[in-house]
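# Observations on the model geometry
Okay, here's what each chain looks like letter by letter:
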Amino acid sequence: MFIVTLSYTAPIEQVDALLLEHRAWLDEQYAQGVMLASGAKVPRTGGVLLVGGLDRPALDALLAEDPFAKGGVARYDVVEFAATKTADCLAAYRELPAS
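Analysis parameters
Residues numbered from 1 in each chain as written. Predicted model: local features only at pLDDT ≥ 70, side-chain atom pairs only at ≥ 80, totals over all residues. Heavy atoms only, no water. 1 Å grid on protein atoms, 1.4 Å probe; cavity = no way out; pocket = protein on both sides within 12 Å on 5 of 7 lines; lining within 4 Å. Points joined across faces, edges and corners; volume = space filled by probe spheres on them. Helix = DSSP H or I, 4+ residues; strand = E, 2+ residues; numbered from the N terminus. Nonpolar A, V, L, I, M, F, W, Y, C, P; charged D, E, K, R; others polar. Polar contact = N/O pair within 3.5 Å; in protein donor to acceptor, adjacent residues only side chain to side chain. Contact = heavy atoms within 4.5 Å. Core = buried A, V, L, I, M, F, W, Y, C linked by side-chain atoms within 4.5 Å. Buried < 20%, exposed > 50% of the residue type's maximum accessible area, 1.4 Å probe, protein only. Patch = residues over 30% accessible without salt bridge, like charges linked within 9 Å, V, L, I, M, F, W, Y side chains within 5 Å. Areas by Shrake-Rupley, 256 points an atom, 1.4 Å probe, with all protein chains shown as cover. Salt bridge = Lys/Arg side-chain N within 4 Å of Asp/Glu carboxyl O.

Turning our eyes to something else, we now look at the layout of surface pockets. Estimated volume of the largest pocket: approximately 200 Å³. Forming the boundary of the largest pocket are 15 residues, of which Tyr8, Leu19, His22, Gly39 and Ala40 lie nearest the centre. Where the lining of the largest pocket is concerned, the elements lending two or more residues are β1 (2–8), α2 (19–32), β2 (35–40) and β3 (46–51). Residues of the lining of the largest pocket, tallied by class, amount to 8 nonpolar, 5 polar and 2 charged.

Bringing the side chain of His22 into the picture now. Assignment of secondary structure puts His22 in helix α2. Within the structure, His22 has its side chain in polar contact with the side chain of Asp66 (distance 2.8 Å). When sequence neighbours within four positions are dropped, the list of residues in contact with His22 reads Leu6, Asp66, Pro67 and Phe68.

Once that is clear, we can look at the nonpolar core. Nonpolar side chains in soluble globular proteins tend to be buried together. The biggest cluster of nonpolar side chains holds 21 residues, and the ones touching the most others in it are Val4, Leu49, Val51 and Phe68. Mapped onto this core, the elements with two or more residues apiece are β1, α2, β3, α3 (56–64) and β4 (74–80). When residues in this core are grouped by element, the largest group, 4 residues, is from β1. Not counting residues up to four positions away in its chain, the partners in contact with Phe68 are Leu6, Tyr8, Val15, Leu18, Leu19, His22, Val73, Ala74 and Tyr76.

Judged by side-chain polarity, Ile3, Val48 and Val79 come together as a nonpolar surface patch covering roughly 210 Å² of accessible area. Within the fold, Val79 resides in strand β4.

The structure is reproduced here in structure tokens:
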């Protein structure tokens, strides 16, 4: 599972110009079952994504398709973690600890 933080690298007006496309891209990822949660940072300097069901190369390819990436308005920082405990609704994303 991955936590992805986005940091805006362009003025908010340039980010907002791509917001509808970015949200449509997010909708596609939710439909594919890889996007688990998303939202804006507070204050609005970027965003946070919770992604599951992909390996790192697939995630990198996915993020490259985000309109924010294509438009050059955001930087992405990725943290991979093994979820050993989750809410029941995320049980499919749990990983067993190594023996």
